Amino acid sequence: MGGSAGRSECGRAQLADHQLRQHTAALAWLGTTAAERQVAESALCALWAEPRPREDLRDAVHPVLAAGFTHGDGTTMEEKDTERLL
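## Some words on the overall build of the protein
Then comes step 1: When helices and strands are tallied, the protein shows five helices and zero strands.
Then comes step 2: Taken from the N to the C terminus, the helices and strands of the protein come in the order α-α-α-α-α.
Then comes step 3: Computed over its C-alpha atoms, the radius of gyration of the protein comes to 17 Å, more than 25% above the 12 Å expected for a compact globule of 86 residues.
Then comes step 4: For the protein, the spread of C-alpha atoms along the three principal axes comes to 50 × 35 × 20 Å.
Then comes step 5: Counting all 86 residues of the protein, 20% fall into the buried class.
Then comes step 6: Within the protein, counting contacts between residues at least 6 apart in sequence, those at least 24 apart form 29% of the total.
Then comes step 7: For the protein, the distance from the average position of its 9 positive side-chain charges to the average position of its 13 negative side-chain charges is 9 Å.

## Section: the side chain of D81
Then comes step 1: One can find D81 in helix α5 (residues 79-85).
Then comes step 2: For the buried residue D81, which engages in no salt bridge, the nearest side chain bearing the opposite charge is R84, 4.4 Å off.
Then comes step 3: A polar atom in the side chain of D81 sits 2.9 Å from the side chain of H71.
Then comes step 4: Not counting residues within four places of it along the chain, the set of residues in contact with D81 comprises H71 and T76.

## What about the nonpolar core?
Then comes step 1: If you look at the biggest cluster of nonpolar residues, it comprises nine residues: A35, V39, A43, A46, L57, V61, L65, F69 and M77.
Then comes step 2: Residue contributions to this core peak at four residues, all from helix α3 (residues 34-47).

## What to know about the packing of helix α2 (residues 18-30) against α3
Then comes step 1: The interhelical angle for the contact between α2 and α3, taken along N-to-C directions, is 80°, at an axis separation of 9 Å. Taken together, the axes of α2 and α3 are roughly perpendicular relative to one another. Across the interface between the two elements, L27, W29 and L30 from α2 touch E36, R37, A40 and E41 from α3.
Then comes step 2: Here the residues of the contact of α2 with α3 sort into four nonpolar, no polar and three charged.

Thresholds applied
Residues numbered from 1 in each chain as written. Predicted model: local features only at pLDDT ≥ 70, side-chain atom pairs only at ≥ 80, totals over all residues. Heavy atoms only, no water. Helix = DSSP H or I, 4+ residues; strand = E, 2+ residues; numbered from the N terminus. Rg over C-alpha atoms; globule rule 2.2 N^0.38 Å. Buried < 20%, exposed > 50% of the residue type's maximum accessible area, 1.4 Å probe, protein only. Contact = heavy atoms within 4.5 Å. Lys, Arg positive; Asp, Glu negative; His and termini not counted. Charge placed at Lys NZ, Arg CZ, Asp CG, Glu CD. Salt bridge = Lys/Arg side-chain N within 4 Å of Asp/Glu carboxyl O. Polar contact = N/O pair within 3.5 Å; in protein donor to acceptor, adjacent residues only side chain to side chain. Core = buried A, V, L, I, M, F, W, Y, C linked by side-chain atoms within 4.5 Å. Axes fitted to C-alpha atoms, helices over the stretch in contact; angles between N-to-C directions. Parallel < 35°, antiparallel > 145°, perpendicular 65-115°, else oblique. Nonpolar A, V, L, I, M, F, W, Y, C, P; charged D, E, K, R; others polar.

What follows is the structure in structure tokens.
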């Protein structure tokens, strides 16, 4: 497909701006909220050396998430919250 036919203004901006593309990709891969990003970054670090079962990954990531985040009502993050974010 040649030219800019079929591309939105947003799409053209993404194609023209390398930093914007990287930022958009990072948000897509790592999440848009601070908790999503923390879980994704922690999971990536835990997986860096070798693949791990999901339960092991949850167990490695949960303490990091629980130490830095609470629910809007002030309650602590539970393992089920970490599991949902993974």
